[in-house]
Amino acid sequence: MTPSRTRSPASRAAQRWSPLLAGLRGRPFWAQFGGSVAALIVLSAGFQLISGSFLTLGNLRSVVEAAAVPAIIAAGISFVVIMGAIDLSVEGVMATASMVAALLVANGVNTNHLGVLGILLALAVSLAFGLANGILNALMRMPSLIVTLGMWFIGLGTAAVLFPQRVPQIRDDLLLGVARHGLLGFSLVVYVALVFVASAQAVLSHTTFGRMVYAIGGDEALLASSGLRTRGIKIAAFCVSSLFAGVGGLLLSAQLGSGNANIGNGHLFPAISASVLGGTLLTGGRGGAVQSALGALILEVLNNGLIQIGAGPYTRNIISGAVILTAFAASGVHRRQLLRVVK
Amino acid sequence: MFKPEMTGLFRKALYACAGIVAVATISPAANAAEAKGGKLIVGIDETASEYWSEYLQGVHDIADSLGKDPVVLTSNYQGDQLLAQLGATYATGCRQCALATDPSSNAFVKAVVARSAKSKVRVVTLWNRPEDIHPWDTYPDYWVAHTSFDGVMSGYQQAMALCKALGGKGQIAAIEGVPSTPPAYQRIRGLKKALAECPGLKLLDIQVGDWQETKAQDIARTWVAHYGTGLQGIFASNDAMARGAVAALKEKGLNGKVLVTGSDGSNIALEMVKSGDMLVTIWNDPVLQGAISMSIAYAAAIGDIDPQKLTHAQRDFYLKEEPITKDNVDKYLALKKSQPKYTYAEMKQDFWKDSAGQIPEGANDNK
Amino acid sequence: MTQTFEARGVAGFADTWLPLIRNAGPLLFLLFLVAGSAIIAPGVVQFDSLLSFLSDAAPVIALVIGGTFPILAGSIDLSVAGIASVTGVLVVVLNPVLGPWTSVAVVLLALLFGAMQGFVHTWLQLPSFIVTLATLSILSGVALLLSNATAEPIPSDDVLVGMLGNALAGVPDTAVVLAVMVALLGLLLRFTRIGRDIYAIGAGERAALMSGVHVLAIRTLLFAISAGCAAMAGLFLVSVTSFSSPTLAGNLLLLSIVGVVVGGTAISGGVGGLFAAVVGGLITSWLRVVAVIVGVVPTAQNIIFGVAALLAVAVTTDRKKLGVIK
């Protein structure tokens with residue numbers, strides 16, 4: 001069972017996967033992001049033709065503002081998705097993070113004003129959700145789908161228990177300032193998103209942890225049978241996902257100016273779509289944080305554009321579903337001849 | 001690869017946690033001795049909302065005055081969840097029970113009433129009732145009454161306030177609630193009724209915000225980018241969505257400049273009306289609604305009222321509502337701070353004191 | 001390690017008794033759950049209460065049964081709740097055209113839609129997760145559009161829905177129909193080549209392809225079954241509510257996923273079956289009322305459901321048979 005270890009497991013994994021990773025990193029920009037960028041251009045041009053007001057500076061700004069938080073969540077969840085697992089708990093984590101932060105910083109319902117400490121505690125709680133997800137999945141060997149589904153309910157329930165009967169208005173200048181202050185026409189939320197997405201990508205492509213995340217997604221059985229320890233990596237990946245969801249919850253709370261137990265509503269499936277969208281359009285289908293963020297941007301362009309062209313509220317669901325399906329189908333056309341297993 | 005003793009430990013830890021959660025959350029007074037009549041059961045959509053918290057407060061007031069502890073069922077906006085929970089509640093036997101519930105959507109009203117009638121439980125429903133069925137024609141002995149707030153009136157008053165504030169001329173956009181719920185389409189119908197009377201007011205767009213703050217924020221943000229200064233007012237169908245719209249306006253420093261309306265009279269909305277971020281909200285008193293609906297169901301359960309002797313106006317009625325603007329907001333802020341504590345005895349003197357009249361034909365039709 | 005991978009392989013389904021033994025865990029958990037509730041509130045195990053529980057649980061069980069099929073082959077169908085809602089809407093909308101047999105036609109339509117999903121997913125090589133997520137969005141829009149977002153009464157002349165609302169010797173007809181569905185699908189799984197092929201795909205798709213399994217046809221069939229069961233779940237729902245609504249089935253998707261996993265079906269495919277689905281459906285349905293039976297404060301009901309679901313999976317799934325857990 002225990003193979004002899006001459007080198008550290010991580011370095012061997014790196015060696016095993018290095019050709020592939022080199023390929024990924026070495027690939028030119030267009031091969032990695034071409035699909036996503038093309039989709040963005042096609043959609044934007046289409047909306048501009050129909051509405052005539054899509055490609056204005058003001059509207060593009062509002063698309064970017066709206067995409068900032070979904071991009072963070074999608075970048076976080078891609079750590080889990082790249083491993084081939086899934087994290088359904090993000091909405092619950094966002095709800096709890098929002099409630100915890102709103103009740104610990106200066107607010108309208110109690111006398112707390114922990115400031116930065118309150119924000120950090122809310123992030124710590126988010127991290128705890130990720131830790132629990134990871135432990136249950138990696139150590140107790142329960143499928144991530146069900147583990148994170150359970151944690152979704154627990155997160156929503158925790159937020160409901162914390163809810164103080166009256167919407168807690170946030171009065172903390174630091175937290176509110178992130179949404180209220182801006183730079184070069186964008187609010188600080190956008191810059192926070194850039195920092196998180198960039199660091200997520202840096203971690204994925206330049207650290208052992210990141211390489212192991214890809215390796216687990218590649219062939220975990222092979223990895224396991226060669227004696228590499230994957231449990232710590234898996235737990236860490238779930239922690240990243242939850243932490244990013246927590247950050248997303250805090251930023252949304254800052255934008256709203258209040259804590260909200262439903263703040264995560266409707267963020268899970270777009271985040272997963274974004275991370276798969278970004279990953280699949282990239283020929284080769286491996287994905288990354290930047291690709292996921294681009295996926296989130298595509299979905300936001302779709303959302304915004306459909307409002308701009310005046311699509312009826314019911315037909316919006318139909319069109320956005322159809323566009324997502326078409327985008328995937330278009331990106332996969334050339335692969336149909338290959339003998340591939342698709343789950 | 002996989003250490004069994006490690007798993008055992010974590011499994012034990014998980015069980016321990018589950019145990020602690022279970023023990024900590026069991027309501028201590030769940031089996032308190034009950035006075036006259038059976039259980040008071042109340043069905044709400046969620047707990048983490050200001051509206052439902054205040055509604056529960058009204059129910060608790062009545063329950064306290066009767067020395068009872070209400071059974072609270074939370075449907076999470078799922079009718080089948082409510083039905084399953086009612087089934088489990090009635091299974092333990094329910095003599096002279098009274099239920100005040102939001103059936104969560106029109107589709108489940110008949111099923112909720114039928115299930116309750118089978119267990120001889122008296123029901124008062126809120127908000128959701130399909131156009132074709134009424135308390136007097138569907139299980140009339142058990143479906144005591146239906147109460148709601150007039151969504152058409154709410155929408156009309158919001159829009160007329162916009163019309164007046166904009167001097168009869170301007171461009172607005174509207175955010176609708178969950179489209180399949182009566183308050184959502186009623187409020188939009190009220191808006192359209194007002195538009196007919198105020199031809200200078202132009203409706204640029206209607207989008208669905210599903211009653212949610214964040215969705216409304218995204219919609220409002222897009223509108224601001226699209227219409228720029230052409231947008232002078234946002235009609236939000238409830239206060240949560242109005243809050244979202246104001247948050248989006250704040251990002252551009254437009255709060256107070258683009259007029260925002262809402263409905264429900266929530267605490268934050270009152271504060272925003274006071275600060276000028278919101279133009280108007282419509283006062284629907286959830287505490288009173290809770291107290292009235294629970295009282296009527298209980299009165300029928302113990303025989304204080306006989307459903308068959310009630311008039312249609314007593315069985316299917318709106319509760320009074322009122323627009324709140326900067327002029328009268330202080331009164332309501334004070335009221336929020338010191339809500340009256342309702343008692344059953346007080347309600348019993350006249351259950352319909354705060355009725356705003358029978359719900360008119362066609363009000364629940366989405367045509 | 002080698003042991004683990006062998007067990008995951010094709011050998012697993014040869015022994016028809018093995019699944020039964022494997023599935024004893026969830027059944028024991030269900031009995032424990034019911035017995036525990038009965039101690040706290042004896043009324044819940046009376047015959048009448050159990051029957052009413054069964055008719056409430058029928059839609060969830062139907063969704064779990066349907067959802068089990070794609071999962072057996074390692075795919076997933078997220079569109080089921082959407083299909084159930086659209087079914088109710090279509091029964092109303094199409095009635096003027098198709099008359100009393102509308103609901104039967106709608107179920108056939110659902111089978112066709114499901115087959116299309118399965119075909120698109122396999123032929124275009126798109127992940128089922130994303131295909132069915134997209135169709136879920138489309139279906140929710142279609143339901144709103146067709147119904148104009150209104151709850152409408154189910155036409156009283158509809159044969160199938162009318163039948164489902166009745167009872168046979170005290171047993172609700174929904175339960176009877178459910179039993180028939182389980183029997184038919186059980187026969188398909190246990191005694192036909194199709195059944196063996198399904199498990200073969202779940203256990204290892206490449207190997208199955210090589211050994212001549214027609215993966216495209218099988219996957220198309222799996223998604224057709226899933227959609228058909230979802231449509232039946234929709235009919236079960238409207239037979240109780242007697243009204244249709246575009247959001248009728250709401251979040252039943254999540255409950256059905258919990259049900260599949262709690263019953264012991266592996267989300268990675270190849271392990272599980274109908275017996276597991278029925279037990280899983282019953283456990284999930286019981287879990288959602290257990291908080292009410294025990295008398296938990298309402299704010300904590302979601303926490304209890306989440307913890308209980310995790311606990312159920314921790315106790316019931318036999319993870320030794322699985323190599324890699326995602």
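Only a predicted model underlies this, so the values are computations on that prediction, with no experimental measurement involved.

Visitor: Looking at this model, I keep getting lost on the overall build of chain C. Mind explaining?
Guide: Across its full length, chain C holds 16 helices and four strands. Of all 326 residues assigned to chain C, the portion counted as buried reaches 63%. Across chain C, the fraction of contacts at a sequence separation of at least 24, relative to all contacts at a separation of at least 6, is 78%. Accessible surface for chain C amounts to roughly 11200 Å². Of this, 73% is attributable to carbon and sulfur atoms.

Visitor: What is the right way to look at the interface of chain B and chain C in this model?
Guide: How big an interface is tends to be stated in terms of the accessible area lost upon association of its parts. At the junction of the two partners, chain B supplies 42 residues and chain C supplies 50 residues. Interface area for chain B against chain C, summed over the two sides, is near 3500 Å², with a carbon-plus-sulfur share of 63%. Our count for the chain B to chain C interface comes out at two salt bridges. Put simply, aspartate 56 of chain C and arginine 115 of chain B hold a salt bridge, and the shortest N to O gap is 2.9 Å. Viewed at the interface, chain C and chain B are joined by three residue pairs in polar contact (both at pLDDT 80 or more). Among the elements of the structure, helix H1 (4-25), strand S2 (71-74), helix H3 (79-91) and helix H4 (109-118) of chain B are those that each provide at least two residues to the side of chain B that touches chain C. Ranked by residue count, the leading element in the side of chain B that touches chain C is H3 of chain B, at nine residues.

Visitor: Explain the domain arrangement of chain B here, please?
Guide: Residue and element names in this part refer to chain B. Taken domain by domain, chain B comprises domain 1 (40-149 + 286-319 + 340-358) and domain 2 (152-283). Each of domain 1 and domain 2 was reduced to a C-alpha centroid, and the two centroids are 30 Å apart. On the side of domain 2, ten residues touch domain 1, which itself brings seven residues to the contact. Buried area between domain 1 and domain 2, both sides added, is near 670 Å², and the carbon and sulfur share of it is 46%. Three residues stand out in domain 1 for area buried against domain 2, namely Glu50, Asn106 and Trp127, and they jointly supply 53% of the buried area on that side. At the surface where domain 1 touches domain 2, the tally comes to two residue pairs in polar contact (both at pLDDT 80 or more).

Visitor: Please clarify how the confidence of the model for chain C should be interpreted in this entry.
Guide: Note that predicted coordinates carrying low pLDDT should not be read in detail. All names here are of chain C. For chain C, per-residue confidence averages 84 on the pLDDT scale, and 90% of positions sit at 70 or higher. Residue range residues 1-14 is modelled with pLDDT below 50. Its contacts to residues more than four positions away, or to other chains, number 18 contacts. Scored as a complex, the prediction yields pTM 0.86 and ipTM 0.85.

Visitor: Even after reading the chapter, I still don't get the state of the cysteines, so can you show me in this structure?
Guide: Disulfides are covalent bonds that connect the sulfur atoms of two cysteines. Residues and elements named next belong to chain B. Counted by the stated rule, this structure contains two disulfides over all chains. The residue that forms a disulfide with cysteine 94 is cysteine 97, at a sulfur-sulfur distance of 1.9 Å. Residues cysteine 94 and cysteine 97 share a disulfide whose torsion about the S-S bond is about -95°; that sign makes it left-handed. The class of cysteine 97 is buried, set by a relative accessible area of 1%. In this model cysteine 163 forms its disulfide with cysteine 198; the gap between the sulfur atoms is 2.0 Å. Disulfide cysteine 163-cysteine 198: torsion about the S-S bond near 85°, hence right-handed. Residue cysteine 163 is found in helix H5 (residues 151-165), and its partner cysteine 198 is found in the loop between helix H6 (182-197) and strand S7 (201-208); the two are separated by 35 residues along the sequence. Accessibility assignment for this pair places cysteine 163 and cysteine 198 in one class, buried. Taken in N- to C-terminal order, the disulfide-linked cysteines of chain B are connected 1-2, 3-4.

Visitor: Honestly, the interface of chain A and chain C in this entry has me stumped. Any pointers?
Guide: At the interface, 54 residues of chain A touch 57 residues of chain C. When the two sides are added together, the surface that chain A and chain C hide from each other amounts to roughly 5000 Å², 74% of it contributed by carbon and sulfur. There are zero salt bridges connecting chain A and chain C. Our count for the chain A to chain C interface comes out at two residue pairs in polar contact (both at pLDDT 80 or more). Of all the secondary-structure elements, those providing two or more residues to the side of chain A that touches chain C are helix H5 (116-139), helix H6 (144-162), helix H9 (208-225), helix H11 (268-281) and helix H13 (313-332) of chain A. Broken down by element, the side of chain A that touches chain C gets its largest block of residues, 15 residues, from H6 of chain A. The residue inventory of the side of chain A that touches chain C, partitioned by class, reads 35 nonpolar, twelve polar and seven charged.

Visitor: Whenever I open this one, a nonpolar patch on the surface confuses me. Can you help?
Guide: Residues and elements named next belong to chain C. On the surface, a nonpolar cluster with roughly 430 Å² of combined accessible area is contributed by Trp101, Val104, Leu108, Leu111 and Val159. Among the elements that line the nonpolar patch, the one with the most residues is helix H7 (residues 102-123), at three residues. Along the chain, leucine 111 turns up in helix H7. You can call leucine 111 partly exposed: its relative accessible area is 31%.

Visitor: Sorry, what's going on with the nonpolar core here?
Guide: Grouped burial of nonpolar side chains is what soluble globular proteins tend to show. Formed by 231 residues in total, the largest nonpolar core has its most connected members in Leu149 of chain A together with Ile65, Phe69, Leu235 and Phe236 of chain C. The greatest single-element share of this core, amounting to 14 residues, is contributed by helix H13 (residues 215-241) of chain C. If we ignore the near neighbours within four places in the chain, the residues touching leucine 149 of chain A are Leu88 and Ser144 of chain A together with Leu254, Ile257 and Val258 of chain C. Residues Ile44, Ile62, Ile302 and Tyr344 of chain B belong to the second largest nonpolar core, which totals 41 residues.

Visitor: Sorry, what's going on with the pairing of S7 of chain B here?
Guide: Consecutive residues of a regular strand have side chains that alternate between opposite faces of the sheet. Sheet topology note: the strand S6 (residues 170-176) of chain B/S7 of chain B ladder contains six bridges and is parallel. Directly across from isoleucine 175 of chain B, in S7 of chain B, lies its bridge partner glutamine 207 of chain B.

Visitor: I keep staring at the sheet that holds strand S3 (residues 98-101) of chain B and nothing clicks. Help me out?
Guide: Paired through backbone hydrogen bonds, the strands of a sheet run either parallel or antiparallel to each other. Residue and element names in this part refer to chain B. Read across the sheet, seven strands follow the order S2-S1-S3-S4-S5-S11-S13 without closing on themselves; strand pairing throughout is mixed. On the outer flanks of this sheet lie S2 and strand S13 (355-358), each paired with one strand and no other. Strand-to-strand twist in this sheet, taken as the mean axis angle between neighbours without regard to direction, amounts to 20°. Pairing geometry for strand S4 (residues 122-126) and strand S5 (residues 143-149), over four bridges, is parallel. Its bridge partner being in S5, leucine 126 is matched across the sheet by threonine 147. Packing against the sheet, H3 makes contact with strand S1 (40-44), S2 and S3, and its axis sits at approximately 155° to S2.

Visitor: What is the right way to read H5 of chain A from this model?
Guide: The terminal C-alpha atoms of H5 of chain A, which comprises 24 residues, lie 33 Å apart, in line with the 34 Å expected from a rise of 1.5 Å per residue. Among the residues trailing H5 of chain A, arginine 141 of chain A stands out with phi positive, at a value near 55°.

Visitor: Explain the sheet that holds S7 of chain B here, please?
Guide: All names here are of chain B. One open sheet accounts for four strands, arranged S7-S6-S8-S9; its pairing is parallel. Strands at the two margins of the open sheet, each flanked by one partner only, are S7 and strand S9 (259-261). The mean inter-strand angle of the sheet, taken between neighbouring strand axes irrespective of direction, is 20°. As judged from the four bridges shared by S6 and strand S8 (residues 233-236), these two strands associate in the parallel manner. Residue pairing across strands places alanine 174 opposite phenylalanine 235, the latter belonging to S8. In this fold H6 packs onto S6, S7 and S8, with an angle of close to 165° to the strand it touches most, S6. Contacting S6, S8 and S9, helix H8 (residues 239-251) runs over the sheet at an angle of about 160° to S9.

Visitor: Teacher, can you tell me more about the pattern of salt bridges here?
Guide: Tallied over the full model, the rule gives 18 salt bridges over all chains. Across the salt bridge formed by aspartate 277 of chain B and lysine 250 of chain B, the nearest N and O atoms sit 3.6 Å from each other. With aspartate 277 of chain B in the loop between helix H9 (267-275) and strand S10 (281-283) and lysine 250 of chain B in helix H8, the pair connects residues that are 27 residues apart, well separated along the chain. Residue classification places lysine 250 of chain B among the partly exposed positions, given a relative accessible area of 30%. As a salt-bridge pair, lysine 348 of chain B and aspartate 304 of chain B come within 3.4 Å of each other at their nearest N and O atoms. With lysine 348 of chain B in helix H13 (residues 344-349) and aspartate 304 of chain B in the loop between helix H10 (286-302) and helix H11 (312-315), this pair connects stretches of sequence that are 44 residues apart. Through salt bridges that share partners, Arg166 of chain A together with Glu54 and Lys336 of chain B make up one connected network.

Visitor: I tried to follow unusual backbone geometry on my own but got confused; where do I start?
Guide: Across the chain, the bulk of peptide bonds are trans and the bulk of non-glycine residues have phi less than zero. One non-glycine residue, tryptophan 211 of chain B, lies in the positive phi region at around 65°. You can see tryptophan 211 of chain B is positioned in the loop between S7 and helix H7 (213-227). One non-glycine residue, serine 242 of chain C, adopts positive backbone phi at about 60°. Judged by its relative accessible area of 23%, serine 242 of chain C falls in the partly exposed class.

Scoring rules and cut-offs
Residues numbered from 1 in each chain as written. Chains lettered and ligands numbered in written order. Predicted model: local features only at pLDDT ≥ 70, side-chain atom pairs only at ≥ 80, totals over all residues. Heavy atoms only, no water. Helix = DSSP H or I, 4+ residues; strand = E, 2+ residues; numbered from the N terminus. Buried < 20%, exposed > 50% of the residue type's maximum accessible area, 1.4 Å probe, protein only. Contact = heavy atoms within 4.5 Å. Areas by Shrake-Rupley, 256 points an atom, 1.4 Å probe, with all protein chains shown as cover. Buried area = accessible area lost by both parts, 1.4 Å probe. Salt bridge = Lys/Arg side-chain N within 4 Å of Asp/Glu carboxyl O. Polar contact = N/O pair within 3.5 Å; in protein donor to acceptor, adjacent residues only side chain to side chain. Domains from an automatic or database assignment. pLDDT = per-residue confidence, 0-100. Disulfide = S-S within 2.5 Å. Nonpolar A, V, L, I, M, F, W, Y, C, P; charged D, E, K, R; others polar. Patch = residues over 30% accessible without salt bridge, like charges linked within 9 Å, V, L, I, M, F, W, Y side chains within 5 Å. Core = buried A, V, L, I, M, F, W, Y, C linked by side-chain atoms within 4.5 Å. Pairing = 2+ DSSP bridges. Axes fitted to C-alpha atoms, helices over the stretch in contact; angles between N-to-C directions. Expected span 1.5 Å × (residues − 1).

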